[in-house]
Amino acid sequence: MAVRGLIGLAAWLLAGVSAQAAPIAAVILAAPVAPGARVQPYVRVPAGKVALTHVRVIDGTGAAARENMTVVLDGATIAAIQPAGAAIPAGVKVLDMTGRTVMPGLVGMHDHMYYTARPDADAEGHSEAPNVLPQMTFSAPRLYLAAGVTTLRTTGSVETYADLNVKKQIDAGVLLGPHMDVTGPYLEGPGSSFIQMHQLRDAAETRRFVAFWADQGVTSFKAYMNITREQLGVAIEEAHKLGLKVTGHLCSVTYPEAAALGIDNLEHGFFVNTQNDPGKQPDKCSPGVGNPTLAGMKPGSPEAAALIDILVKHKVALTSTLPVFEQRIAGHAPLEPRVMEAMTPQAREAYLYARNNGVMRPNAAAATGYANDIGLERQFVAAGGLLMAGPDPTGNGGVLPGFGDQRAVELLVDAGFRPEEAIRIGTLNGATYLGLADQIGSIAPGKHADLIVVTGDPSKRIADIENVEITFKDGVGYDSDKILKSVRGRYGQY
Ligand SMILES: [Zn+2]
């Protein structure tokens, strides 16, 4: 570890990267500390020398599941993965986990700490302005950890100081939650409909905004729907100078334009590319917000290949956020009791109204767009593109932190990926993007003991990914059920 660290440091010095660039990984993955008094009640397996025996291992690399293995943990680190018959060193506590699968903790790449459905929509789906995004600082980090997310990116923040402080307190063992890459406030241009977002004025202000929030401690940025090409270009330049990456949920800027400007990542698969939208004006969001472009872009078409070629050549990663898009398709998203239980009665009622609206007004265009997107996501991966996953807990209210991250992996299997490949997209690929693949994202000796124990076999039945029993973060095993009970009826309130 120390030697690898020195080699990394030397390479960094030789590369002449700016002084801020190196510590980002260390900020996202802070040094492990012992759980504090308020975290302790949720610990089921204290960190130590622990062997999880008779488990199936899905290691996160995409390799096939291995049966009847032993995973040995030593404090915050994975010590060994060995066949069940191999000797377990003396002094190791043995936990027989027959019937369970061990997988890497999920790396959620579109995992907000806020909720959208305020004010509640009426029976016709209308609500009055302004739209407010209430912060879920209590319930969201707990939901993520309980569902097996051990590292996440907030991918756009509305209460950035709350996100930064919650990260600090998690890292200090004061609060429960995953490792966090806190994304700065949205980089939004003129004409935003979100009352909590700042609207950037010009290039000079954009540069100051990025520098200021980087100095406050955010470790990534996200551009939003009304940013101009000039603002986006300046934001990327400034962020890169500081060693930080930029993603975007775009509309005013098309995917090819953003790739040419050097963006690192695009959110929502192929859903929000506006390059062929009718009426698209430069630097302006189109009325179709990408739906017409997606409807017309058949997977396998020369046009799709040309776009994917641009993205792959420019090393632009894509984040698949299928859970939020399946909500548009009547009957697609399951109505989950555990989701209902986590919500406040008001949030539950608002979601059911929105859900019923969708059932009453089936949207054929949404189904076509969804079918095109999953084909394009497969084509992107086949072409060598880096695909990651996240739920985007927004939309009609049915996508929740953590549960949504599991659903994202399930929907990738639905989309045609093998279960082990889908799990890699939800784990190692996110770690790779974050520059943390040598520390998290797969199960290997020397890596962080960030893993989940689920009952059943997700390699055969991907829905078993929902059966998280224990989430290990830095070698501490947290009791999933106990955490879920602590947020019952809270989501939607705080
Ligand atoms: Zn989002």
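This report concerns the structure included in the present document. Bear in mind that the values here come from a model prediction, so they are computed numbers and not experimental data. Once a new chain begins, its residue numbering starts again from 1 and follows that chain's sequence as written. For a predicted model such as this one, the threshold for reporting local features is a pLDDT of at least 70, and the threshold for listing and counting side-chain atom pairs is 80 or more; totals across whole chains, interfaces and linings nevertheless cover every residue. Only hydrogens and water are set aside; all other atoms, that is, all heavy atoms of the structure, feed into the side-chain values.

### Points about the packing of aromatic side chains
In step 1: Whether two aromatic rings pair depends on their centres lying within 6.5 Å, for rings of Phe, Tyr and Trp, where Trp uses its six-membered ring; planes under 30 degrees apart make the pair stacked, over 60 edge-to-face, and the rest tilted. The final tally for this structure, using the stated rule, is ten aromatic pairs.
In step 2: With 5.1 Å between their ring centres and 45° between their planes, Tyr 161 and Trp 213 make a pair best called tilted. Of this pair, Tyr 161 sits in helix 4 (residues 160–171) while Trp 213 sits in helix 5 (residues 203–216), placing them 52 residues apart in sequence.
In step 3: Seen from their ring centres, Phe 271 and Tyr 370 are 6.4 Å apart, and the 55° between their planes marks the pair as tilted. You can see Phe 271 sitting in the loop between strand 12 (265–267) and helix 8 (291–296) and its partner Tyr 370 sitting in helix 13 (residues 364–382), a full 99 residues away along the chain. Each member of the pair Phe 271 and Tyr 370 is classed as buried.
In step 4: Every member of this aromatic cluster is reached through a ring pair, and the members are Tyr 161, Phe 212 and Trp 213.
In step 5: The cationic tip of Lys 245 hangs over the ring face of Tyr 433; the distance from NZ or CZ to the ring centre is 4.2 Å. Strands are runs of DSSP state E lasting at least two residues, helices are runs of H or I lasting at least four, and both sets are numbered from the N terminus onward. Each residue is assigned to one of three classes by its accessible area relative to the maximum for its type, calculated with a 1.4 Å probe on protein chains only: buried under 20%, partly exposed between the two thresholds, exposed over 50%. Placement of a positive charge over a ring is assigned whenever Lys NZ or Arg CZ falls within 6 Å of the ring centre and within 35 degrees of the normal to the ring plane.

### Brief notes about the coordination of the zinc ion
Octahedral six-donor coordination of a metal ideally yields angles of 90 or 180 degrees, compared with 109.5 degrees for tetrahedral four-donor coordination.
In step 1: For Na, K and Ca the donor cut-off is 3.2 Å, and for all other metals it is 2.8 Å, counting N, O and S atoms only; because water is absent from this set, sites may look incomplete. Summarising the metal site, the zinc ion is bound by the protein donors His 110 (NE2), His 112 (NE2) and Asp 392 (OD), whose distances to it range over 2.1 to 2.6 Å.
In step 2: Here the donor residues of the zinc ion are spaced in sequence according to H-x1-H-x279-D. We note that His 110, like His 112, is buried.

### Observations regarding the state of the cysteines
In step 1: Disulfide: a pair of cysteine sulfur atoms within 2.5 Å of each other. For the coordinates displayed, the defined rule picks out one disulfide.
In step 2: In this model Cys 251 forms its disulfide with Cys 285; the gap between the sulfur atoms is 2.0 Å. Of note, the bridge from Cys 251 to Cys 285 carries an S-S torsion of about 80° and is right-handed in sense. With a gap of 34 residues between them, Cys 251 in the loop between strand 11 (245–248) and helix 7 (255–261) and Cys 285 in the loop between strand 12 and helix 8 connect regions that are remote in the sequence.
In step 3: The partly exposed category is assigned to Cys 285, whose relative accessible area is 26%.

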